[in-house]
Structure formats: structure tokens, C-alpha cells
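# Survey of secondary and tertiary structure
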Amino acid sequence: MTMQFDGRVAVITGSGSGLGRAHALLLASRGARIVVNDLSRSADTGESYAQRVVDEIVAAGGVAVADTNSVATPEGGAAIIQQAVDSFGTVDILVNNAGIVRDKSFAKMTAEQVDPVLDVHLGGAFNVTLPAYRLMKEQNHGRIISTTSAAGLFGNFGQANYGAAKMGLIGLSRVIALESAKYDITANIIAPIAATAMSAGILDEEWERRLRPDLVSPVVAYLAHSDCTVSGEIFSVAAGRVARIFIGEGRGFYSPDLTIEDVRDSWSTILSEEGYSVPMSAADERDLLEKSFTAFENPTS
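Residues numbered from 1 in each chain as written. Predicted model: local features only at pLDDT ≥ 70, side-chain atom pairs only at ≥ 80, totals over all residues. Heavy atoms only, no water.

If you look at soluble globular proteins, the nonpolar side chains tend to sit buried side by side. Judged by nonpolar contacts, the single largest core of 29 residues is most densely connected at L27, I34, V36, I57 and I190. Mapped by element, the contributors of at least two residues to this core are β1 (9–13), α1 (18–29), β2 (33–37), α2 (49–59), β4 (93–96), α8 (217–224) and β7 (234–238). Per element, the largest residue contribution to this core is 5 residues, and it comes from α8. Every residue in contact with L27, bar those within four places of it in the chain, is listed here: F5, A10, I12, A32, I34 and A221. Listed in part, the 25 residues of the second largest apolar core include V91, A125, Y183 and A187. (Core = buried A, V, L, I, M, F, W, Y, C linked by side-chain atoms within 4.5 Å. Buried < 20%, exposed > 50% of the residue type's maximum accessible area, 1.4 Å probe, protein only. Helix = DSSP H or I, 4+ residues; strand = E, 2+ residues; numbered from the N terminus. Contact = heavy atoms within 4.5 Å.)

Dropping the structure here:
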């Protein structure tokens, strides 16, 4: 059976082009009603990017409205969600996709490169998710998908601002996943690689062809579906490949009287990935510590 979204309402930030547009078109084609949020306009014609995507959706038989509020302020975030309520009555799905880049090597970075990136990526997710989450909690259902990046997970030259914001989204989503479990609200994270305006001039022609934005959207749609109950997970998505990314913790070294020399002499053990665990919360890690202490103190038990 095909996975449909009839009757569901999806808000997708930054969906006037690129990945967000692809997400909006796919969800709309499966019956979702879409709020296309994007404040960008054509430099040549002044045309709203959001309205352009709405027109595409409507021409294909779907239902959508445009929203041009900024995610970067609490007022803008609240207005985006209010647009969904005014137009369609509620919000079932939120895709935090809005983003900008202000690349600069760390030594040369200034507040002018840092603040806007944090405001849009991390602050924007707070500003839009909070009012959406409150609605979802009232209706006892919701799906939240946020967009991180390899720059945050693994690092990327010249993107300290972007990487910090993107890693922050993982912490936000993991906490929401824990707090929302009993309300049938899930919060997951994708780390996509796609050929978009943000990657212009970086990819060669072959990678431009392979890294189509529409090959990321099926993962977003699956995570947005009511049948998908996984939460708090991170997925790498690019060119048709999907893989789970997880944060693991090695067995480590333990001494109740740890010294600097212990750290030096046990460095290979500390770095070892053998026997790793994957905590899903801070409480999980505390449990892991307790088990580790017991194992180290009673090696034969």
C-alpha cells in the first residue's frame, strides 16, 4: 500500500526552493496540505519563492498556502504556525529546513557571520517548533523532522558557525524525542547532502546530477508518516542512500583513583571503539557508567 497523508497538515520552512521544495511537492502529491514557508524573492522579478512552489502544488492538484515570515524571531515562528492553523486548522508535521550559510575560516569569523546562522538554523527551529509542539501535544500526535549536516556531525572547514548550529539541532531534537514520547510525537533528524543553491559552485557536474534533492524527500516523508514511530534518530541521506548515524560510547578505562599517568598509559583503551554502546539519553549514559563501574570492579562476576 502507498503511504498517504490525506488530511494531514505539514509546515515546511525554507521550502521555496531546493530540499524544502522537494519535500513540499512530495508530501502534497500524497495528500498533505502544505504551508510553504520561505521569505526569499526573485532578485529580478520580486516573485515570492514560496508562492511559486504553492502554484506548482496547486497546478498538480494539491493544496498549499504560502508563508513569508522569518523563522529567525519568536514572532515569525509563531506566525508561521498560526498560518497553518488559520488555513487548515492544525499542524501535524513540521519540517525544519530553513537555512543560510556565512562561511569563513574560524580565525576570521565575526558576529556578522555567526549570529544570523545561529538565528536561522538553531533559533529558527526553536521559534517554529515550540508553537507547533504545543499544538501537537494538545492533539496527541505530531511528527517533527529537523535538518542537521555533516558539518555539525563531523566538521567542515570554514563552517564553525554552521556546524555549531547544526549540532545544536541534534540536542534539541533528542530532548524533544524524550519529552514527547507519551504524546505520539516523534522528533528525528536528517543529515542530507543535495545539490541546492547553498552548494552552488562546490559540486562537479556528476555530483550535481546524482545529488538530487528529491532523493532526500522520501526519507522525510517516511519519518513524517503516522506509521513511523521511530524517534530521536539521525539519518544520513544522499543520492538515494540512507544510513543511520549514531553517537556511540566506548567501554573506556576506569580507575577510582584516576591520575594523569593513568590517562596517558591507558590512552589506547580510552580511544578503543570495541564494545561500544549507543546511549539514547543522558539517563542511558548514567546507566552505562554504573554498569561500567560494576564490570571494572568485579571483572570475574
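Now, onward.
Okay, the pairing of β7 next. The buried fraction of β7 amounts to 5 of the 5 residues, a majority that puts the element mostly inside the structure. Side-chain alternation along β7 places I234, S236 and A238 on one buried face and F235 and V237 on a second face that is also buried. In this sheet, β7 lies alongside strand β6 (residues 185–193) in parallel orientation, the contact comprising 5 bridges. Each residue of the ladder has a partner; that of I189, found in β7, is I234. As paired elements, β7 and strand β8 (residues 241–245) share 5 bridges and run antiparallel to each other. Counted as the bridge partner of V237 is V242 from β8. Hairpin connection from β7 to β8: 2 residues lie between these consecutive antiparallel strands, with A239 at a positive phi of about 55 degrees. (Pairing = 2+ DSSP bridges.)

Our next topic: α1. With 12 residues, α1 should reach 16 Å at 1.5 Å per residue; the first-to-last C-alpha distance of 17 Å fits that figure. Those residues of α1 not exposed but buried are L19, G20, A22, H23, A24, L27 and A28. Buried-residue contacts for α1 involve β1, β2, α2, β4, β6 and α8. One or two positions beyond α1, positive phi appears at G31, with a value near 105 degrees. (Expected span 1.5 Å × (residues − 1).)

This part is about the packing of α1 against α2. Each packed pair of helices is defined by two parameters, the angle between the axes and the distance between the axes. Between α1 and α2, the shortest axis-to-axis distance is 10 Å and the interhelical angle comes to 25 degrees. The angle between α1 and α2 falls in the class roughly parallel. Where α1 crosses over α2, the two elements pack in a sense that is right-handed. On α2, the residues that touch R21, A24, L25 and A28 of α1 are V53, E56 and I57. A class-by-class count of the residues in the contact of α1 with α2 yields 5 nonpolar, no polar and 2 charged. (Axes fitted to C-alpha atoms, helices over the stretch in contact; angles between N-to-C directions. Parallel < 35°, antiparallel > 145°, perpendicular 65-115°, else oblique. Left-handed = near helix turned anticlockwise from the far one by under 90°. Nonpolar A, V, L, I, M, F, W, Y, C, P; charged D, E, K, R; others polar.)

So, about the environment of T2. For T2, the position within the fold is in the segment before β1. Residue T2 is classed as exposed on the basis of its relative accessible area, which comes to 57%. Separated by 3.4 Å, the side chains of T2 and Q4 make a polar contact. (Polar contact = N/O pair within 3.5 Å; in protein donor to acceptor, adjacent residues only side chain to side chain.)

With that settled, consider the packing of aromatic side chains. Applying the stated criterion across every chain yields a total of 2 aromatic pairs. Summarising the aromatic geometry, the rings of Y254 and F293 are spaced 4.8 Å apart at their centres and angled 35 degrees between planes, so their arrangement reads as tilted. Within this pair, whereas Y254 is found in the loop between β8 and α9 (260–265), its partner F293 is found in helix α11 (residues 282–297), the two being separated by 39 residues in sequence. Look at Y254 and you get partly exposed, because its relative accessible area is 22%. Taking the relative accessible area as the measure of exposure, F293 reaches 34% and is therefore partly exposed. (Phe/Tyr/Trp six-rings, centres within 6.5 Å; stacked < 30°, edge-to-face > 60°.)

Take the sheet that holds strand β3 (residues 63–67) next. In spatial order, the strands read β3-β2-β1-β4-β5-β6-β7-β8; together these 8 strands make up an open sheet with mixed pairing. Bordering the open sheet on either side are β3 and β8, each of which pairs with just one other strand. Ignoring which end each strand starts from, the neighbouring axes of this sheet average 20 degrees apart. Bridge count for β2 against β3 is 5 bridges, and the pairing is parallel. If you follow I34 over to β3, its bridge partner there is A64. Contacts from α2 reach β2 and β3 within the one sheet, and its direction differs from that of β3 by about 175 degrees. Against the sheet, helix α3 (residues 74–88) contacts β1, β2 and β3, and its axis sits at roughly 145 degrees relative to β3.

In short, the description is geometric, and any link to function would need to be established separately.
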